[in-house]
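Chain by chain, the residues run as shown.
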Amino acid sequence: MALPQDIRPVNSELADSITRSSEIPWIETKPGQAWTKVLWVGPESGRWAVLLKWKKGYVAPPHKHLSAAFAFVLSGRLQVRDNEYGPGDFLHEVNGMVHGATTALEDTEYLFFCDGPVLFFDKDGFTGYRGWEEVLRMQQSAIPKAAE
């Protein structure tokens, strides 16, 4: 049966992409406590995906999501606000969500997908910003180190 419209891609260069996470380096973001693997960065959309590994006791600073974010816990336990999340739990955080510190209650690995930037702060004000450009810079800076 013929389709009622032409669904062929206009761009013949479209292709799937794959990241073999076992082949990319962990980037140490907090010495001895936290690491990141950059899985994907989408400059055209501002989205990014990372694998995070935190040692028990690591505390990520308070932050505001300037876009929606999604997390899937692979192992360990996280405390986010008044909730605990463990293996298999999926968390959606809406655009504009503000919350305090996130704590690793155990050694934890989780997938984190973000539709845009995250703004970090403390009691004195703005402390950092992580958007697709910063994530891409992290990825690019890790590549030469991995090749050494």
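Basis of the calculations
Residues numbered from 1 in each chain as written. Predicted model: local features only at pLDDT ≥ 70, side-chain atom pairs only at ≥ 80, totals over all residues. Heavy atoms only, no water. Pairing = 2+ DSSP bridges. Helix = DSSP H or I, 4+ residues; strand = E, 2+ residues; numbered from the N terminus. Buried < 20%, exposed > 50% of the residue type's maximum accessible area, 1.4 Å probe, protein only. Salt bridge = Lys/Arg side-chain N within 4 Å of Asp/Glu carboxyl O.

Engineer: Give me the sheet that holds strand β4 (residues 59–60): which residues, what numbers.
Structural biologist: Strand pairs in the sheet, formed through backbone hydrogen bonds, run parallel or antiparallel to each other. Strand order across the open sheet formed by 4 strands is β4-β11-β7-β8, with antiparallel pairing between neighbours. Looking at which strands have only one partner, the edges of the open sheet turn out to be β4 and β8 (83–85).

Engineer: Tell me about the environment of Glu44, and name the residues and values.
Structural biologist: Of note, Glu44 is situated in the loop between β2 (34–42) and β3 (47–54). With a relative accessible area of 67%, Glu44 lands in the exposed category. Residues Glu44 and Thr108 lie 64 residues apart in sequence; the distance between their C-alpha atoms is 30 Å.

Engineer: Which residues make up the pattern of salt bridges, and what values go with them?
Structural biologist: What the rule picks out here adds up to 6 salt bridges. We note a salt bridge from Arg47 to Asp115, for which the minimum N-O separation is 3.1 Å. Pair noted here: Arg47 is in strand β3 and Asp115 is in the loop between β12 (108–114) and β13 (118–122), with a separation of 68 residues, a long-range link. Arg47 gets classed as partly exposed once you look at its relative accessible area, which sits at 40%. Residue classification places Asp115 among the partly exposed positions, given a relative accessible area of 29%. Notably, a salt bridge pairs Glu134 with Arg137, separated by 3.5 Å at the nearest N-O pair. Taken together, the residues Glu134 and Arg137, both in helix α1 (residues 132–147) and 3 residues apart, mark about one turn of the helix. The class of Glu134 is partly exposed, set by a relative accessible area of 22%.

The quantities given are spatial measurements derived from coordinates; they are silent on function.
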